[in-house]
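Reading the structure
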Amino acid sequence: MEENQEKNMPKVILITGASRGIGREIAKLLSKNNIIIANYNKSEEKAKTLKLENANIDIYKADVSKREEVRNMIKYIIEKYGKIDVVINNAGIDQEKMFQDITDEDWHNIMENNLYSAFCVTQESLKNMLENKSGCIINISSIYGISGGSCAVGYSAAKAGMDGFTKALAKELGPSNIRVNSIAPGCINTDMNAYLTEADWDEIKEETPLGKIGEGIDIARCVDWLVKDEFTTGQVISINGGIVI
Ligand code: NAP
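Note that the structure is predicted; figures quoted are calculated from it, not measured.

Despite not being glycine, K133 shows a phi value in the positive range, around 50 degrees. Within the fold, K133 resides in the loop between α5 (104-132) and β5 (135-140). On the basis of relative accessibility, which here comes to 59%, the residue K133 falls in the exposed class. Residues other than glycine seldom take positive phi values, yet N177 does so here, at roughly 65 degrees. Along the chain, N177 turns up in the loop between α7 (153-173) and β6 (178-185).

So, about empty space enclosed by the protein. Taken as a whole and assessed by the stated rule, the structure comprises one cavity of 30 Å³ or more. By volume, the largest cavity is sized at about 30 Å³. Lining the largest cavity, in full, are T16, V64, N89, N90, A91, N114, S117, A118 and M162. The dominant element in the lining of the largest cavity, judged by the number of residues it contributes, is α5, at three residues. A class-by-class count of the residues in the lining of the largest cavity yields four nonpolar, five polar and no charged.

What counts and what doesn't
Residues numbered from 1 in each chain as written. Predicted model: local features only at pLDDT ≥ 70, side-chain atom pairs only at ≥ 80, totals over all residues. Heavy atoms only, no water. Helix = DSSP H or I, 4+ residues; strand = E, 2+ residues; numbered from the N terminus. Buried < 20%, exposed > 50% of the residue type's maximum accessible area, 1.4 Å probe, protein only. 1 Å grid on protein atoms, 1.4 Å probe; cavity = no way out; pocket = protein on both sides within 12 Å on 5 of 7 lines; lining within 4 Å. Points joined across faces, edges and corners; volume = space filled by probe spheres on them. Nonpolar A, V, L, I, M, F, W, Y, C, P; charged D, E, K, R; others polar.

Take a look at the structure:
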């Protein structure tokens, strides 16, 4: 196949945690030109409406913090679509707790859902990418991994870990033509921030040079660009309205 023809072919893209929030917006945007496997765990009804409304979206239920479930999901993708071109490690959970109140269970929970999940999904997908000598891995980290968040030590550590994972793996996989990057969002209007009050939102807007709160589509546009790009790897790109510079 001609090189240009191959570039224009739809890519097979797995997005973890795509039933809601940022992952859902990424799925909607990327489905215009690609085949999307939108992973979900608990929000089955939301995942079903995503599939119903978007022809190129397939959905798959898996808890990405469980190795066996991840393995079965990747097997399903390879059997049905023959390959996996792009993995977007987006699934994640929040944890607002004073450091002294964090239990061992809390710590393992935040690490498993935010960091171990990315390790598992990436590792299980990699065999196919290595065979194809092509791939793109995008990790959705956070500004908290860069600047730290008060009452979010576990979350910040997991997200900083994700950025370290990105940089190390980019070096290891560059020679195999597999790019690995992080996108570190600032404050985005999703369920994850549903606990914030009107006053909290106003304060965040005031601290943000662009004077507004981000939307899922702001992150999706950057993902779309990274999927098409060919010379960016090992980077942490922070989409945050300027709140962290
Ligand atoms: P959200 O609205 O709470 O959605 C989280 C998504 O992750 C849901 O689709 C959920 O699926 C999925 N998920 C969580 N644990 C999972 C698991 N074990 N297996 C499979 N899916 C799982 O959150 P969001 O704001 O869109 O956040 C998306 C990513 O961006 C997260 O990694 C988050 O840390 C990061 N981020 C968000 C912000 C922000 O301000 N919103 C800022 C920085 C970084 P189900 O509901 O189906 O279980």
